[in-house]
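# Notes for the structure review
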Amino acid sequence: MIRREKLTQMAFVLPALIVIGLFFAVPVLLGLLLSLTDFDLYALVSLKNLRFVGLANYIDLVQQPIFWKALGNTAYFVVLGVPLSIGLSLGAAVLLQSPLAHLKPLMRTALFAPVVTTLVAVAVIWRYLFHTRYGLVNEALQSIGLNPIDWLGDPHWSMPTIILFAAWKNFGGNMIIFMAALQAVPTDLYEAARLDGAKTWAQFRHITLPALAPTTLMVGILTTAGYFQLFAEPYVMTQGGPLQSTVSVLYLMYEQGFRWWNLGAASAVAFLLFGLIVLVTRGLMKVANRGAA
Amino acid sequence: MISRRTLLASAALPLVACAPREAPLRFWGMGREGEVVAELLGGFQRENPGIAVQVEQLPWTAAHEKLLTAFAGDATPDIAQLGNTWVAEMAALQALSPLDEQVATSHVVQETDYFSGIWKTNVVDGQLLGLPWYVDTRLLFYRRDLLAKAGYDHPPRGWAEWKDQLRALKRIGVPNPLILPNNEFEPLLALALQQDEPLLKDANTRGNFEGAGFQRALGFYLDLLKEGLAPVQSNQQIANVHQEFGRGTFAFYITGPWNIGEFKRRLPAELQGAWATAPLPGPTGPGASTAGGCSFAIFKRSHRKAEAFKLMEYLSRPEVQGQFYALTGDLPPRKSSWAWPALTSDPHARAFAKQLENVRPTPPVAEWERIANEMQTFAARAAAEGSSAAETAKALDEDVDRILAKRRWLHERGRA
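Residues numbered from 1 in each chain as written. Chains lettered and ligands numbered in written order. Predicted model: local features only at pLDDT ≥ 70, side-chain atom pairs only at ≥ 80, totals over all residues.

### Concerning the overall build of chain B
Here is the rule: The helix count covers DSSP runs of H or I at least four residues long, the strand count covers runs of E at least two residues long, and both are numbered beginning at the N terminus. We compute the radius of gyration from the C-alpha atoms alone; for a globule the expected value is 2.2 Å times N to the 0.38, where N is the number of residues. Three exposure classes are used. Buried residues have 20 or more other C-beta atoms within 10 Å of their own C-beta, exposed residues have 12 or fewer, and partly exposed residues fall in between, all C-beta atoms being placed from the backbone.
Regarding its fold elements, chain B presents 18 helices and 16 strands. Expected size for 416 residues packed as a compact globule is a radius of gyration near 22 Å; at 22 Å, chain B falls within 12% of this value. Dimensions of chain B along its principal axes, counting C-alpha atoms only, are 70 × 55 × 35 Å. Burial analysis of chain B (416 residues in total) assigns 50% to the buried set.

Rendered as structure tokens:
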């Protein structure tokens, strides 16, 4: 009887397992194998030109300045971009949730709109906004007496500009999650706090934030993992420039693999990035668990 | 080399020109040229009713990947348009069929009628693998009126005079007399090709950027930026080159033939007499430039090489090339086509005719596109950090040697 039940269970799970195996596990395994070879243009001609190189791709990679540069750029993007993005989401969610907010549905739609717009289209508009000479942003700076900034052309400003762009583009998604979580916070907690004389800020610190902690952790992990995979923004706005200041790890992989056809080296980049994301998210979990305990 | 204009993506549009008895000849055309080639085929069909041609159009942005994928998937066309810097790459893949025999017996295609620098870009290891279709090179577009104001009645004849002119322009208030976008490798490449030393050595398996020639070119390039004669900028920061050129923000621009049409269209009428083109100045006299453009190539896997060559021959006829020029503005690779009135009467095109006599090919290695990009990256970084040409060249050689490691390995085994 029990065996029969097991068989039925297997029959239900098997299709999904086969699909996952075929379209996820096998490609990942092949990718790992690929990263141990020097598969390139020449290997396309004849497999005689393909060499098994062990970890040489990985060793080669960590010896190249551009890899560290890309890693540094990506870390910069994550460290600044994730808090900024989550902060914006949280702020927007709290403001929208406030009884003082008017036209809530309209505002919600407006703030969520960047998430559903095409990245390429908005990137073009941002490039106009941030143009050195004719951009609205610099015009605003000049009107208050500041010097114009070469946003996308100065290697010191290009990454901050990309961060602003990415935060603006993405905060709407997390905002919706925060809004849902906020609605689940019991209102009697706020009423009790008000009776005890707690002001708005104290309410936010001692009720809202603790109530949102699990949501924030989840949002933080997802956003971090997503931001490590920075690619489309620099690809559209700067092509990695100026002076490679916006080359991210994934952008490096794209160049290696699809521009120069070094698929072995590109796979190695991908696996290094994967390892890094695993490490960082596990670290985040650990910190969060310690905080909860 | 691919002009920016042709990068405009367009949808693939199969076009069957004639009812086929057997499978039609597959022709891959790219961007604007791919659109236009169908219009040229009428005459070919009348002469060869038995050969059906199917033009498949690829956007430039996807063309390179498509070609490689087609090669890997055994789906290459019979004949294709190839950027001539890709010929070496396709040759490394052993994907192309040599054309030497067919050209030797052809009445239409004569090597002597082609600009030799352009022809050479299609020769890899002594084999002719492509036939030039149209050419592209870089030279000077300049503001004659501003130069006159600065006291010169002629374009520069050498580097020294060029620098003097740039300084004079700066004195009369042109903020950055020359545009050298730091994400375009063509200007520096042209300066480097003007030198006598080759850019790669040891049978093209190692970089030769530490050679005196490249260092001289890089030194000159960096000096222009350091002196403020050209701004350290990317081409994206110059939002609208034509508008800025019209405003006199800069007076010299190193660019290609497609801009003749653009400048005619976009500059205001009162400025139409004020701009001109001139061959690139070299270290001590007229200088060489890049040999770009596109070629036709026949793929090895094609079963219909004779028919494919017939089509190539047809499209290479001077009168068909004239028609092609009228449709696209792409410059013909044959000297006899330059006798065509539309070209002789255009003063802007004349400088190109002169420059095309003096163009040099880049090293025919599959890795070249990447090496050219690395070269520009290193140069841009040197300009920003103020490092010397010598240090930069040394670091660049190390990098290029690493890129060419596989090629060296293959070369030692006689396979590359």
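### Concerning the interface of chain B and chain A
We count it as follows: Note on contacts: residues are paired as contacts if their backbone-placed C-beta atoms lie within 7 Å. Only Asp, Glu, Lys and Arg are considered charged in this grouping, and only Ala, Val, Leu, Ile, Met, Phe, Trp, Tyr, Cys and Pro are considered nonpolar; every other residue, Gly among them, is considered polar.
Residue-level contacts link 24 residues of chain B with 21 residues of chain A. Counting residues per element, the ones that place at least two in the side of chain B that touches chain A are α2 (60–72), α3 (87–92), α16 (368–385) and α18 (405–412) of chain B. For the side of chain B that touches chain A, the per-class residue count stands at ten nonpolar, eight polar and six charged.

### Considering the domain arrangement of chain B
Residue and element names in this part refer to chain B. Let me state the cut-off plainly: Domain start and stop positions are those given by an automatic or database domain assignment.
On domain assignment, one finds that chain B holds domain 1 (4–136 + 292–345) and domain 2 (139–289 + 364–412). Contacts between domain 1 and domain 2 engage nine residues on the former and ten residues on the latter. When its residues are assigned to classes, the side of domain 1 that touches domain 2 shows four nonpolar, two polar and three charged.

### A few points about the sheet that holds strand β9 (residues 178–179) of chain B
All names here are of chain B. Applied cut-off: Pairing between strands is defined by DSSP: at least two bridges between the two strands are required.
Overall, mixed pairing links the four strands, which are arranged β9-β12-β8-β13 in an open sheet. The open sheet has two edge strands with one neighbour each: β9 and β13 (275–278). When strand β8 (residues 139–143) meets strand β12 (residues 252–255), the two strands line up antiparallel, connected through four bridges. Its bridge partner lying in β12, F141 is registered against Y253.

### A short note on the pairing of β12 of chain B
Residue and element names in this part refer to chain B. Side chains of β12 alternate between two faces, with F252 and I254 and Y253 and T255 buried alike. Pairing of β9 with β12 involves two bridges; the strand directions are parallel. Of the residues in β12, the one forming a bridge with I179 is Y253.

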